[in-house]
Amino acid sequence: MLQLSGLDASFLFLESPEMPMHVGALHIFELPAGYRGLFVKHLRQLMADRLPLMPALRRRLWWMPLNLANPAWVDAAPDLEHHVVEVKLPASAKKGDGLAELQAAVGELHPKLLDRSRPLWRFHVLEGLGKSTDGHKRVGLYSQVHHAAVDGQAAVALANILFDLTPEPRAIEARPSKRTKVFRHDMAEMLRGALASEALQVGQIIRELPGTVTSLTRAAGAVISNTSLLGRAKGGSKVSNLALAPRTLLNVSVGPGRAFASLSLPLAEMKALAKAHECTLNDVVLMLCAGGLRRYFASHHLAVPRKPMIAAVPISLRAAGDTSSDNQASLSFISLGTHLADPLRRLAHIRAASASMKATMGSLKSVLPTDFPSIGVPWLMEAARSVYGRAKVAEKIPPVATLAISNVPGPQVPLYLAGARMLTNYPTSIIVHGLALNVTVQSYDRHMDFGMMADAVAMPDVTRFADCVRQAYEEMQTLPVAMATPPARASARPRRSAAR
C-alpha cells in the first residue's frame, strides 16, 4: 500500500474552496506551418502514449476509513476526455498578444478544485489566440496538478517525460510493469497499513533523535551568528530572518477569487547582473520582488513599512538524481530589505539574509521531516484549517511573512509538446490565508518566466505589480557595480507579459 507521506497529505487536508492546493503553469505554444487538426486531440494522443511513464498521473486517492490517517494511492485509468479539455477564449484574444485574456482565464480556472475521485491533474487547452507575427497559429495551455502529487522539482521531472526537444515527438518504449495493479484497498488492509506506517515513523523518530538534537544545536549557533545579534550586512545594516513581518495588505484571509499576472525577463542579463553584483541569481529574483513591492505600495500611495517585508521561500530537500513524484521540500524565510530606499543597500541586505538562511538551513536539511505519524492528524488539520479561515485568524496574529517567492530551475533549450513549440512557461502556484501573493519563477529557453498569483480582493491589479517588478529590473541594470567591466547586456529585450 502506497500511503501518502505526512507532507503530501497535508496539501489535501489544508485544501478548501478558498485555498486550492494545485500548481501548474500557463504556456503559450506556436504551431508549425501546415499544422492540421485540433491541438487538443493531438495532446490527448500524446498523453495516452506517455502516461505509462508517468505514474503520478495514473493514480487516485483511496481514503482511510473515517479519515483516520493519511489516504493511499491506488491505480486509475485517466479519462483523457475529462483530463485534457478545450476552453474558448473571448474574441478579444485575437487582437494583440492575447496575454490579458490568457491571464484572466487562469484567474477563472485556478480556483476550481480538482475532482478527488479521479487522478489529480487537468490540462486546459486555451483556443482563440491570434496568429504570431510570422503567421503561425498559437494556442495556450493551463495545467493543473495537485501539490499532494508533485513538488516543483518533481513537476520538472514530469515535464522531461512529456516534452520533446524537436517538433517530432520521440518514440519512447514503455516497458510493461511487473507490478500488480491495485485499484482499491479493503478496510482491514488500510488499517493494517496505517498502523504499520505509524510504528515505522515512531521508530524512525527515536532512532534519529540524537542526530536531530545535534543538528538543531548547530543550527541554533548558525542562527545566532548570522542574525542581528552578531552579523551585519555589507554597509552596516542589521540582518535577521527571525523577525516577524510587518502587517500589509497581503496579510489577510484569502477568498475564492484569483488574479494572475506574468512577466518574462532575459536570463542572460539577469545572470550578468548576478555576476556583476557578486550575488546569486536567486538574490536577483528577491531583489526584483523587493523593488516591485516598494513601487507597488508607492503606486497606491501606501507607506512602505518601516520593518522589512519577509519572503517565505521553499527549499528543496530532494537528493540529486531523485525523480520521485512525492513532495520533498521545506520552508525558509528571507528578509527582503524593503525598508531600505537605497537599492544597493537593499541588495546587500538581501545577500546577507540569503547567506544567513543558507547557513541555518544547511544544518537542518538532514533532519527536516517530510513524513510523520498520521493517525488522527487529518481530523486535527481539517479542523484547524476550518477555524483558521472562518475566524480570519490571519488578520489577528502577527504575520511571519509577507508573500511567498520560489525560484525553480528549468530547461535552457526550446521544448515541444505534440509538435508545438513552447514559447513561455509561467508558473501558477498556491496562496494561503495570510499570504495573498505568490511569485514563482522558472527559467526556460533564455528567459526567466515569472508567474504571480494573488487573491482577487487583496491584489486585484496584480498586473500592476508585474509592471513594478519590470521597473525594478530596469533600475537594477543602472546600478553601479564594483567591476572593471560592466555587465554585458543581451540583445533580447524584457518581454512584458501583461497586455498593455
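On a predicted model such as this, the values are computed, not experimentally measured, just so you know.

### Regarding the overall build of the protein
Within the protein one finds eleven helices and 16 strands. Out of the 500 residues in the protein, the part that is buried amounts to 53%. Of the contacts made within the protein by residues no fewer than 6 positions apart, 79% connect residues no fewer than 24 positions apart. As presented, the protein carries roughly 22,400 Å² of accessible surface, and 59% of it is formed by carbon and sulfur atoms.

### Let's talk about unusual backbone geometry
In terms of backbone geometry, most residues other than glycine have negative phi values and most peptide bonds are trans. For His301, which is not a glycine, the phi torsion comes out positive at approximately 60 degrees. Checked against the element boundaries, His301 lands in the loop between helix 8 (281–299) and strand 9 (310–316). Classification of His301 as exposed rests on a relative accessible area of 76%. Unlike most non-glycine residues, Ala418 shows phi in positive territory, near 50 degrees. Assignment of secondary structure puts Ala418 in the loop between strand 12 (416–417) and strand 13 (420–428).

### Re the pattern of salt bridges
Following the criterion strictly, the structure yields 13 salt bridges and no others. We note a salt bridge from Asp115 to Arg118, for which the minimum N-O separation is 3.4 Å. Under the relative-accessibility criterion, Arg118 is labelled partly exposed at 28%. Note that Arg446 is salt-bridged to Asp445, the shortest N-O span being 3.6 Å. Overall, Asp445 belongs to the buried group, its relative accessible area being 8%. Connected through salt bridges with shared partners, the residues Arg50, Asp164 and Arg170 form a single ionic network.

### Some thoughts on the packing of helix 7 (residues 267–276) against helix 11 (residues 462–477)
Angle between the axes and distance between the axes: these two values describe a pair of packed helices. At a minimum axis distance of 11 Å, the contact between helix 7 and helix 11 shows a crossing angle of 50 degrees. In terms of orientation, helix 7 and helix 11 fall into the oblique class. When the axes of helix 7 and helix 11 are compared, the crossing they make is left-handed. Contact residues: helix 7 offers Glu269, Met270 and Leu273, while helix 11 offers Tyr473, Met476 and Gln477.

### Some details on helix 7
With seven of ten residues buried, helix 7 lies mostly within the body of the structure. Restricting attention to buried positions, one finds in helix 7 the residues Leu267, Glu269, Met270, Ala272, Leu273, Ala274 and Ala276. Contacts from the buried residues of helix 7 go to strand 8 (258–266), helix 8, strand 14 (437–444), strand 15 (447–455) and helix 11. A positive phi of about 55 degrees marks Glu278, the residue just after helix 7.

### Some points on the packing of aromatic side chains
Across all of its chains, the model carries four aromatic pairs by this definition. Plain terms: the ring middles of Tyr296 and Phe465 are 6.3 Å apart, the flat faces sit at 85 degrees to each other, and that makes the pair edge-to-face. Placement of Tyr296 in helix 8 and of Phe465 in helix 11 is noted, with a sequence separation of 169 residues between them. The exposure classification of Tyr296 matches that of Phe465, with both residues buried. Put simply, the rings of Phe29, Phe39 and Phe163 pair up and form one aromatic cluster.

### Quick word on the confidence of the model for the protein
The pLDDT averaged across the protein works out to 83; a share of 75% of its residues lies at or above 70. For the stretch residues 228–237, pLDDT sits under 50, and the model shows 18 contacts to residues farther than four places along the chain or on other chains. The low-confidence segment residues 496–500, where pLDDT is below 50, has 16 contacts with residues more than four positions distant or belonging to other chains.

### Examining helix 1 (residues 6–13)
Judged by how many residues are buried, helix 1 sits mostly within the fold: eight of eight residues are covered. Among all positions of helix 1, only Gly6, Leu7, Asp8, Ala9, Ser10, Phe11, Leu12 and Phe13 are buried. The opening residue of helix 1, the one whose side-chain oxygen lies 3.1 Å from the backbone nitrogen of Asp8, is Ser5.

### What about the environment of Ala33?
Topologically, Ala33 is positioned in the loop between strand 2 (22–30) and helix 2 (39–50). Among the residues examined, Ala33 registers a relative accessible area of 66% and is labelled exposed. On a C-alpha basis, the gap between Ala33 and Lys137 in space is 8.1 Å, while along the polypeptide they are 104 residues apart.

### What to know about the side chain of His124
Here His124 shows up in strand 6 (residues 121–127). Not counting residues up to four positions away in its chain, the partners in contact with His124 are Val85, Val87, Leu109, Gly140, Leu141, Tyr142 and Gln144.

### A look at the sheet that holds strand 1 (residues 2–3)
Spatial ordering of the open sheet is given by 1-4-3, a layout of three strands whose pairing is antiparallel. Each edge of the open sheet is held by one strand with a lone partner, namely strand 1 and strand 3 (59–62). Where strand 3 and strand 4 (residues 72–75) come together, four bridges link them in antiparallel fashion. Its bridge partner being in strand 4, Arg59 is matched across the sheet by Asp75.

Analysis parameters
- For every chain, the first residue of the written sequence is number 1, and numbering continues from 1 along that sequence.
- For this predicted model, a pLDDT threshold of at least 70 governs which residues receive local features, and a threshold of 80 or more governs which side-chain atom pairs are given and counted, while totals over whole chains, interfaces and linings are taken from all residues.
- Computation of side-chain values covers all heavy atoms of the structure but excludes hydrogens and water.
- Note on conventions: DSSP H or I runs of at least 4 residues are helices, E runs of at least 2 residues are strands, and numbering of each starts at the N terminus.
- Only protein chains enter the calculation, and the probe is 1.4 Å; a residue is then buried if its accessible area is under 20% of its type maximum, exposed if over 50%, and partly exposed in between.
- Only heavy atoms matter for contacts: two residues are in contact if any of them lie within 4.5 Å across the pair.
- Every accessible area reported is derived by Shrake-Rupley at a probe size of 1.4 Å, with residue values counting cover from the shown protein chains alone.
- Every case where a carboxyl oxygen of Asp or Glu lies within 4 Å of a side-chain nitrogen of Lys or Arg is listed as a salt bridge.
- The axes used here are C-alpha line fits, helices contributing only the stretch in contact, and every angle between their N-to-C directions lies in the interval 0 to 180 degrees.
- Each angle gets one of four labels, with under 35 degrees taken as roughly parallel, over 145 as roughly antiparallel, 65 to 115 as roughly perpendicular, and the rest as oblique.
- The handedness criterion is simple: a crossing whose near helix is rotated anticlockwise from the far helix by less than a right angle is left-handed, and one whose near helix is rotated clockwise is right-handed.
- Whether two aromatic rings pair depends on their centres lying within 6.5 Å, for rings of Phe, Tyr and Trp, where Trp uses its six-membered ring; planes under 30 degrees apart make the pair stacked, over 60 edge-to-face, and the rest tilted.
- pLDDT is a per-residue confidence score from the predictor, ranging from 0 to 100.
- Pairs of N or O atoms within 3.5 Å make up the polar contacts considered here, provided that, within protein, one atom can donate a hydrogen while the other can accept it, and that residues adjacent in sequence are counted only when both atoms are side-chain atoms.
- Strand pairing follows a simple DSSP-based rule, namely that at least 2 bridges must link the two strands.

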